[in-house]
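# A look at the structure
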Amino acid sequence: MDIVLTGDRPTGKLHLGHYVGSLKRRVEMQNSGKYNMHVMIADAQALTDNADNVEKVKNNISEVALDYLACGIDPQKVTIFIQSQLPQLFELTAYYMNLVTVSRLQRNPTVKNEIQMRGFKQSIPTGFFTYPISQAADITAFKANLVPVGEDQLPMIEQTREIVRSFNQTYKPVLVEPQAVLPENSVCSRLPGLDGAAKMSKSLGNCIFLADSANDIKKKVQSMFTDQTHLRVEDPGHTENNPVFIYLDAFCRDEHFAAFLPTYNNLEEMKEHYRRGGLGDGTVKKFLNEILQNELKPIREKREYLARDLGEIFNILRKGTEVARLKASQTLQEVKEAMGINYF
Ligand code: TRP
């Protein structure tokens, strides 16, 4: 059976980008019954650039867990766990560090970009710089062969594969080379922000969160960037690079037209009208709002219900963490045997 591992840093609530980019897919995989799935709340990774902000990371563990459960991740079918509670992951990281050069880490494009975005300049925390190695530990500890992620995580999977090959060659072949699983719909692998920025990101304040109220969603959709050249309704408009249409590409299905906007049969007809001129942004946004409200309402309601009993959320996490710890310690044992450092 395929073994799947994926995770999120608990630095904030999860948003629509997470939802279309990975959460939906995880639920589908879970429900197919074909995978042995693990979902990790990567609090230790979140601390690599939040050393002085432990409280924030801590508070967001339950927020992320609520987002998972509200979207339909089922703890009966999936092992949900907290990264920092598995010391085995840190031991594996230490041994893998000896297989990776500093210059190899410096070439990681995602880390490079994150260092720039965070303005670290010369003051990069060592833990942050080396997090791709700890991510390799996360993945290999479970012998995961599939890692569903967004595009920005591809360099981490590549790094993991290199570590696995190097380990297996240097010692004994006990580790499994993982593969990334990207979202099928390419618009979903990187949903832009409400402001058209390349990505939805908490720090840019351009997100719709799964926990947002109906009113917040409505206001955020109304504030979205559209085609800047589409000034009057009659003007011809552009649908490509237009965030509102990108969101429609990600969320809209033909039945939404029947339900909310029967003037058109499908998105292509609506796009043609927009390009021709005569279709106002207000109408398009209203339609997008209906679709998002429809999709997010059940998630928000389930989230509110679950949030009433955080004790139960931590029970779920504790049980998942115990299961995960057992698997990770088994792999660690094999790793130490392969290296010949199982002295006692
Ligand atoms: N780096 C991932 C993120 O920022 C989180 C993560 C940590 C992860 N360990 C992982 C994802 C292992 C997949 C597999 O979202």
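No experiment lies behind these values; they were computed from the predicted model shown. Within each chain, residue numbers correspond to sequence positions counted from 1 in written order. pLDDT decides what is reported in this predicted model: residues at 70 or higher carry local features, side-chain atom pairs at 80 or more are listed and counted, and totals for whole chains, interfaces and linings draw on all residues regardless. Only hydrogens and water are removed before side-chain values are computed, so all heavy atoms of the structure are retained for them.

With that settled, consider the pairing of strand 3 (residues 78-82). The buried count for strand 3 comes to five of five residues, which makes it a mostly enclosed element. Buried residues are those whose accessible area, probed at 1.4 Å on protein chains only, stays under 20% of the maximum for their type, while exposed residues exceed 50% and partly exposed ones sit between those limits. Elements are defined by DSSP. Helices are runs of H or I of four residues or more, strands are runs of E of two residues or more, and each kind is numbered from the N terminus. Burial along strand 3 is two-sided: the face carrying Val78, Ile80 and Ile82 and the face carrying Thr79 and Phe81 are both buried. We treat two strands as partners when DSSP finds at least two bridges between them. Strand direction decides the pairing type here: strand 2 (residues 35-41) and strand 3, joined by five bridges, are parallel. Pairing of histidine 38 across the sheet is with threonine 79, part of strand 3.

Our focus in this paragraph is the packing of aromatic side chains. Put simply, two rings from Phe, Tyr or Trp (the six-membered ring, in Trp's case) pair if the centres are within 6.5 Å, and we call them stacked under 30 degrees between planes, edge-to-face over 60, tilted for the rest. Summed over all chains, the structure comprises eight aromatic pairs. Measuring from centroid to centroid gives 5.1 Å for phenylalanine 81 and phenylalanine 142, while their planes differ by 40 degrees, and the two rings are tilted. Remark: phenylalanine 142 occurs in the loop between helix 8 (131-141) and strand 4 (146-148) and phenylalanine 81 occurs in strand 3; sequence separation between them is 61 residues. Taking 5.3 Å as the distance between ring centres and 70 degrees as the angle between the ring planes, the aromatic pair formed by phenylalanine 120 and phenylalanine 128 counts as edge-to-face. Exposure remark for phenylalanine 120: the relative accessible area of 16% places this residue in the buried category. Overall, the relative accessible area of 0% leaves phenylalanine 128 in the buried class. Linked through ring pairs, Tyr96, Phe167 and Tyr171 together constitute an aromatic cluster. Two thresholds decide whether a charge sits over a ring: the Lys NZ or Arg CZ must be within 6 Å of the ring centre and within 35 degrees of the ring normal. Its end group placed over the ring of tyrosine 131, arginine 9 keeps NZ or CZ at 4.7 Å from the ring centre.

The next point concerns the domain arrangement of the chain. By convention here, the domain bounds are inherited from an automatic or database domain assignment. Annotation of the chain at the domain level lists domain 1 (2-190 + 309-339) and domain 2 (214-304). Between domain 1 and domain 2, the C-alpha centre-to-centre distance is 34 Å. Should any heavy atoms of two residues lie within 4.5 Å, those residues are considered in contact. Counting residues at the interface gives 15 residues for domain 1, matched by eleven residues for domain 2. Accessible area, probed at 1.4 Å, shrinks when two parts are joined; the buried area is that loss added up over both. In total, about 1,100 Å² of surface goes out of reach between domain 1 and domain 2, with carbon and sulfur atoms giving 64% of it. On the domain 1 side of the interface with domain 2, the three residues burying the most area are Leu16, Ala70 and Val187, jointly 46% of the side's total. The working definition used for a salt bridge is a side-chain nitrogen of Lys or Arg within 4 Å of a carboxyl oxygen of Asp or Glu. Taken together, domain 1 and domain 2 are joined by three salt bridges. Between glutamate 295 and lysine 24 there is a salt bridge, and its shortest N-O distance comes to 3.3 Å.

Attention now goes to the nonpolar core. We define a nonpolar core as any set of buried Ala, Val, Leu, Ile, Met, Phe, Trp, Tyr and Cys residues linked to one another through side-chain atoms lying within 4.5 Å. Among the nonpolar cores identified, the biggest contains 63 residues, and Leu16, Tyr19, Tyr68, Ile208, Leu248, Phe251 and Met270 are the most heavily contacted of them. Here this core gathers at least three residues from each of two domains, domain 1 (2-190 + 309-339) and domain 2 (214-304). When sequence neighbours within four positions are dropped, the list of residues in contact with phenylalanine 251 reads Leu16, Tyr19, Val20, Leu191, His256, Ile291, Leu292 and Glu295. Counting 33 residues, the second-largest nonpolar core is a separate cluster that includes Ala136, Ala141, Phe142 and Ala328.

What follows concerns the environment of serine 203. Tracing the chain through its elements places serine 203 in the loop between helix 10 (186-189) and helix 11 (214-222). Classification of serine 203 by relative accessible area gives exposed; the value is 68%. Separated by 18 residues in the primary sequence, serine 203 and valine 221 place their C-alpha atoms 18 Å from one another. There is a polar contact of 3.0 Å between the side chain of serine 203 and the side chain of serine 201. For this analysis, a polar contact is any N or O atom pair within 3.5 Å, provided that within protein one partner can donate a hydrogen and the other can accept it, and provided that sequence-adjacent residues contribute only side-chain to side-chain pairs.

Each axis is a line fitted through C-alpha atoms, taken for helices only over the stretch in contact, and angles between the N-to-C directions span 0 to 180 degrees. Where helix 11 meets helix 15 (residues 281-306), the closest approach of the two axes is 10 Å, and the angle between their N-to-C directions is 150 degrees. Comparing their axes, helix 15 and helix 11 come out roughly antiparallel. The handedness of the crossing between helix 11 and helix 15 comes out as right-handed. Along the contact surface, helix 11 presents Ala214, Ile217, Lys218, Val221 and Gln222, while helix 15 presents Lys285, Leu288, Asn289, Leu292, Gln293, Leu296 and Arg300. The nonpolar class holds Ala, Val, Leu, Ile, Met, Phe, Trp, Tyr, Cys and Pro. Asp, Glu, Lys and Arg form the charged class, and all remaining residues, Gly among them, are polar. Grouping the amino acids of the contact of helix 11 with helix 15 by side-chain chemistry returns six nonpolar, three polar and three charged. In this scheme, roughly parallel covers angles under 35 degrees and roughly antiparallel covers those over 145, while 65 to 115 is roughly perpendicular and the rest are oblique. Left-handed describes a crossing whose near helix is turned anticlockwise from the far helix by less than a right angle; the clockwise case is right-handed.

Packing of helix 1 (residues 16-32) against helix 15 brings their axes to within 13 Å, and their N-to-C directions diverge by 75 degrees. One way to sum up the angle between helix 1 and helix 15 is to call them roughly perpendicular. Facing helix 1, whose interface residues are Leu16, Tyr19 and Lys24, helix 15 presents Leu292, Glu295, Leu296 and Ile299. Broken down by class, the residue content of the contact of helix 1 with helix 15 amounts to five nonpolar, no polar and two charged.

Surrounding the ligand, one finds 13 residues, the nearest of these being Arg9, Gln45, Gln135, Asp138 and Gln153. Between the ligand and the protein, one listed contact pairs an oxygen atom with a side-chain N or O atom of arginine 9 at 3.1 Å. Contact distances for the ligand include 3.0 Å between a nitrogen atom and a side-chain N or O atom of glutamine 135. Taking 370 Å² as the accessible area of the ligand by itself, protein coverage stands at 90%. Of all elements in the fold, only strand 1 (2-8) and helix 8 reach the threshold of two or more residues within the shell around the ligand. Tallied by class, the residues present in the shell around the ligand amount to six nonpolar, five polar and two charged. Being near a molecule or strand, for a residue, means having at least one of its heavy atoms within 4 Å of it. To measure how exposed things are, a 1.4 Å probe is used in the Shrake-Rupley method; for residues, cover is taken only from the protein chains shown.

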